[in-house]
Amino acid sequence: MSNLEASYNLILNNLREISGIEDFYFKPIKPKLSDIELISLVILAEFKSIDSEHQLFREIKGFEIGPNIERSVYNRRKRKLFPFIEEIRMKMVDKLNESENYFIVDSMPLEVCKISRSFRSKICKDVDYAYPNKGFCASQNLHFYGYKLHAVCSISSVFQSFDISPASVHDIHYLQDIKLQMSDCVLLGDKGYLSQTIQLDLFNEVNIELETPKRKNQKDYKPQFYQFKKYRKRIETLFSQLCDQFMIRRNYAKTFEGFKTRILAKITTLTTIQFLNKFVFDRNINNLKIKDQEQKLGRKAKTYNFVVC
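Residues numbered from 1 in each chain as written. Predicted model: local features only at pLDDT ≥ 70, side-chain atom pairs only at ≥ 80, totals over all residues. Heavy atoms only, no water.

### As for empty space enclosed by the protein
Per the counting criterion, the structure on display carries two cavities of 30 Å³ or more. The wall of the largest cavity is formed by V42, A45, E46, I50, D51, S52, E53, L56, Y74, K78 and R262. For the lining of the largest cavity, the elements supplying multiple residues, two or more each, are helix 2 (35–47), helix 3 (53–59) and helix 4 (71–80). In terms of residue count, helix 2 provides more of the lining of the largest cavity than any other element does, three residues in total. Residue classes in the lining of the largest cavity are distributed as five nonpolar, one polar and five charged. By volume, the second largest cavity amounts to about 40 Å³. Along the walls of the second largest cavity sit I248, R250, N251, F259, R262, I263 and K266, which together make up its complete lining. (1 Å grid on protein atoms, 1.4 Å probe; cavity = no way out; pocket = protein on both sides within 12 Å on 5 of 7 lines; lining within 4 Å. Points joined across faces, edges and corners; volume = space filled by probe spheres on them. Helix = DSSP H or I, 4+ residues; strand = E, 2+ residues; numbered from the N terminus. Nonpolar A, V, L, I, M, F, W, Y, C, P; charged D, E, K, R; others polar.)

Right under this line is the structure:
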C-alpha cells in the first residue's frame, strides 16, 4: 500500500468516528462511493496540494475506490456536501478549542483575477448576492479584485469560524456576524476593527470583549498588552500557511458555489491535520508540512489493523 492510500484510509477512519454516519443526504440511486469517503478524498487532495481534479484521478487510479466515481460526479457531489463538510469541521473545532477563551480576528484578500481583467471576467458572477468587486488590503498595500476571507482563530491557531465577502466590504462588518457564532470570550483584532460602538455592542449582547490597539493620536492612547500583540500574529501565520501550502489564492472555480467549496475544503484540511496531530500523533498541532506529514500518516495508518492493505 502506498503512503497516499494509507493516508486516505487514516483520514477516512477518523472522519467516520467524528461524523458517525456514511451518507448525509438522500439519493434515489445509492452511489458506490459514500459521502464520507468522498469528503475524505477531498481532504486528501488538499493535503497533497493536488488542485487539478484530472491529476487527483490519475493519482487514485490504483486505489480500491478509483473505479467507484467519475470526475464530473465527484465535482457535483463535493459542492452539494458543502454544509456537511462544515459540520464535520465544526465537530473537530469544538474538540480542539474546547477550553479556549481568547480568539483573534483578521481578514485576507482572495483574488479571482487581475484588476485589468475584472471588467470582462465572468468568474463567480452566477449569483447576484455574491458578485466579486474591487477592494484594498492596507496591510499589503494591495488593490485587488475578488473577495475577502474573514476569519476567527484561537490562540492555539485553530480556525473557529470564517466567512467570505466581496472585497469592498470593510472588516468591521464581520463583527456583526460574530455575535451569532460566539460569546463569553476575548476577541483580539488590529486597528481595522476600532469602533467604540461595536465594542460596546459585542460586550453588552454576547459578553465578547473586543481588544484592539489604539491609534497614537487618540486621547486615551496606551500601548496594547505585549502578549496580545504576540497572539495576533497567530492568524497571520495561519493565512501564510493557507497561501503557501494549501494554495488558497490559486483559483480554478468558475462559479461562486465552486469557489466557496474550495475555500472550505482547504480550511477543513488544515483543521483535520491539526486534529490528527493532537488526538492521533500526540504532537504539535501546527506541524503541517506535507512531506513530514505524509510519511507520518502513512506509517501510522499501516500500524492499524482495520486498514485494508
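### Side note on the environment of Q224
Mapped onto the fold, Q224 is located in the loop between strand 6 (208–211) and helix 8 (226–244). Spatially, the C-alpha atoms of Q224 and I60 are 51 Å apart, while their sequence positions differ by 164 residues. Excluding residues within four positions of it along the chain, Q224 makes contact with E211, T212, P213, K229 and R232. (Contact = heavy atoms within 4.5 Å.)

### Focus on helix 8
Here helix 8 is 19 residues long and its end C-alpha atoms lie 28 Å apart, about the 27 Å a rise of 1.5 Å per residue gives. Buried residues of helix 8: F228, Y231, R232, I235, L238, F239, Q241, L242 and C243, and no others. The elements touched by buried residues of helix 8 are strand 1 (102–113), strand 3 (142–154), strand 4 (159–166), strand 5 (185–188), strand 6 and helix 9 (256–279). (Expected span 1.5 Å × (residues − 1). Buried < 20%, exposed > 50% of the residue type's maximum accessible area, 1.4 Å probe, protein only.)

### Side note on the layout of surface pockets
Regions of empty space are outlined by a rolling probe, equal in size to a water molecule, passed over the atoms. The space that makes up the largest pocket amounts to roughly 460 Å³. The wall of the largest pocket is formed by 22 residues, among which D106, S107, C137, S139 and D171 lie closest to the centre. Where the lining of the largest pocket is concerned, the elements lending two or more residues are strand 1, strand 2 (133–137), strand 3 and helix 8. Of the residues assigned to the lining of the largest pocket, the class counts are nine nonpolar, seven polar and six charged.

### Examining the pairing of strand 5
Taking every second residue as pointing to the same face, both faces of strand 5 are buried, with C185 and L187 on one and V186 and L188 on the other. Two strands pair when backbone bridges link them, and strand 1 and strand 5 are joined in this way by three bridges, in the parallel orientation. Paired with Y102 across the bridge in strand 5 is V186. Direction of pairing for strand 5 relative to strand 6: parallel, over a ladder of four bridges. If you follow L188 over to strand 6, its bridge partner there is E211. (Pairing = 2+ DSSP bridges.)

### Details of a positive patch on the surface
Taken together, the side chains of K191, R215, K216, K229 and K233 present a region of like positive charge at the surface. Turning to its location among the elements, K233 is positioned in helix 8. (Patch = residues over 30% accessible without salt bridge, like charges linked within 9 Å, V, L, I, M, F, W, Y side chains within 5 Å. Areas by Shrake-Rupley, 256 points an atom, 1.4 Å probe, with all protein chains shown as cover. Salt bridge = Lys/Arg side-chain N within 4 Å of Asp/Glu carboxyl O. Lys, Arg positive; Asp, Glu negative; His and termini not counted. Charge placed at Lys NZ, Arg CZ, Asp CG, Glu CD.)

### Things to note about the side chain of S118
Along the chain, the position of S118 falls in the loop between strand 1 and strand 2. At 2.7 Å, the side chain of S118 and the backbone oxygen of I115 are in polar contact. Setting aside residues up to four positions removed in sequence, S118 forms contacts with C113, K125, K134 and Y145. (Polar contact = N/O pair within 3.5 Å; in protein donor to acceptor, adjacent residues only side chain to side chain.)

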